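Architecture and fold: a report
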Amino acid sequence: MYDVIIIGAGPAGLTAALYAGRAKLKTLVISFGATGGQLSSTSEIENYPGASDNPSGAALTERIEQQALKFGMQKITAQVTGLIIDGAKRGVQTDTESYFAKTIIIASGAAPRSLNCTGEKELYGMGVSFCAVCDAAFYEGATDVVVVGGGDAAVEEAIYLSKFAEKITVVHRRDELRAAKTIQDKAFANAKINFVWDSLVEAINGNGMVETVTLKNVKTGELSVHATEGVFLYVGMDPNTSFTKELITLNKSGYIEAGESTATNIPGVFAAGDCRVKILRQVVTAAADGAVAAIMAEKFISEHE
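As the structure is a prediction and not an experimental result, all values here were calculated from the model.

Spatial ordering of the open sheet is given by β12-β13-β14, a layout of three strands whose pairing is antiparallel. Edge positions in the open sheet fall to β12 (199–205) and β14 (223–227), since each of these has one partner strand only. The average undirected angle you get between the axes of adjacent strands in this sheet is 30 degrees. Where β12 meets strand β13 (residues 212–217), six bridges bridge the pair, whose relative direction is antiparallel. Within the sheet, the bridge partner assigned to Ser199 lies in β13 and is Asn217.

So, in structure tokens, the structure goes:
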């Protein structure tokens, strides 16, 4: 029996483990992928407080993990297949066995949807990005940056990128945007933002760094090559919450409904990081969630013992 089981070893989960360990809670972290989550594959971190030497995501992950291990974190790697909620009994079912704790923190994150095109994986972190807030500064003065998508996030990030790059090219598979009208108006009024309609990205090309994208017009089938220095993908995110199996209240997009206290609809179960409904998904907000969730777990245990 653990005091707290944390599902996920990204910045939210590892920070929760650090805070839980410092509170003398017996803590188990179940990692189901690369430690650090999305953070682990980020080439440079400029916007995390204190990261003045621009560490890689992997390096920052290693620092946080070592801090958590110092305070007693136990960590295993397994696929989480479900939660066990039976009255006051709380557990996590994995593909190998079940683990039980007084509290559970779900910090399972979210994954960007992939274009599944040639070059996307190979050039990730070398011109391919999923986060303008994270990486826009690297494109100061860039001649052209491509944004793929037509929803609120894509258009807002195009506007943000326009503060840095000389030209932003928004590629959208339809002939009109899905973003809110107010956001569209700002984009259309921005002289730096251009649009390529009815088009998909067939391939992202480059030798070590992004150099061009191959575009396909969905109506004519015509292929064209567009020179660019970066590609930002905003075709959606998928929260890693399928294992909750209707036990935890989710919004229509599958994110966990948990307020600033991180408490879910089930007493003793908390949610932190990108899997939670929130305004901003960044390393710093994930870490903040992890700290809050651990403190709330400690408080829950104290109140029920």
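Glancing now at the packing of helix α1 (residues 11–22) against helix α2 (residues 57–70). Taken N-terminus to C-terminus, the directions of α1 and α2 make an angle of 25 degrees; their axes are 8 Å apart at the nearest point. As far as their axial angle goes, α2 and α1 are roughly parallel. For the pair α1 and α2, the crossing hand works out as left-handed. Of the residues in α2, those touching α1 at Leu14, Thr15, Ala17 and Leu18 are Thr61, Ile64, Glu65, Gln67 and Ala68. Of the residues in the contact of α1 with α2, the class split is five nonpolar, three polar and one charged.

Looking now at the pattern of salt bridges. Per the counting criterion, the structure on display carries 11 salt bridges. With a closest N to O distance of 3.1 Å, Asp3 and Lys102 form a salt bridge. Placement of Asp3 in strand β1 (residues 2–7) and of Lys102 in strand β6 (residues 98–106) is noted, with a sequence separation of 99 residues between them. Overall, Lys102 belongs to the partly exposed group, its relative accessible area being 30%. Lys75 is paired through a salt bridge with Glu65; the nearest N and O atoms lie 3.4 Å apart. One end of the pair, Lys75, is in strand β3 (residues 74–77); the other, Glu65, is in helix α2, and 10 residues separate them in sequence.

Scanning the model with the defined rule gives six aromatic pairs in all. Ring geometry for Tyr139 versus Phe232: centroids 5.4 Å apart, planes at 70 degrees, classification edge-to-face. Taken together, the positions of Tyr139 in the loop between α3 (132–135) and β9 (145–148) and Phe232 in strand β15 (residues 231–233) put the pair 93 residues apart, joining distant regions of the chain. Like Tyr139, the residue Phe232 is buried in the burial classification. An angle of 5 degrees between the planes, with centres 5.1 Å apart, marks the rings of Phe195 and Trp197 as stacked. Judged by relative accessible area, which is 28%, Trp197 ranks as partly exposed. Across from the ring centre of Tyr2, 5.0 Å away, lies the NZ or CZ of Lys26, which sits over that ring. Seen from the ring of Tyr255, Arg281 lies directly overhead, with NZ or CZ sitting 4.1 Å from the centre.

Calculation notes
Residues numbered from 1 in each chain as written. Predicted model: local features only at pLDDT ≥ 70, side-chain atom pairs only at ≥ 80, totals over all residues. Heavy atoms only, no water. Pairing = 2+ DSSP bridges. Helix = DSSP H or I, 4+ residues; strand = E, 2+ residues; numbered from the N terminus. Axes fitted to C-alpha atoms, helices over the stretch in contact; angles between N-to-C directions. Parallel < 35°, antiparallel > 145°, perpendicular 65-115°, else oblique. Left-handed = near helix turned anticlockwise from the far one by under 90°. Contact = heavy atoms within 4.5 Å. Nonpolar A, V, L, I, M, F, W, Y, C, P; charged D, E, K, R; others polar. Salt bridge = Lys/Arg side-chain N within 4 Å of Asp/Glu carboxyl O. Buried < 20%, exposed > 50% of the residue type's maximum accessible area, 1.4 Å probe, protein only. Phe/Tyr/Trp six-rings, centres within 6.5 Å; stacked < 30°, edge-to-face > 60°. Lys NZ or Arg CZ within 6 Å of the ring centre and 35° of its normal.

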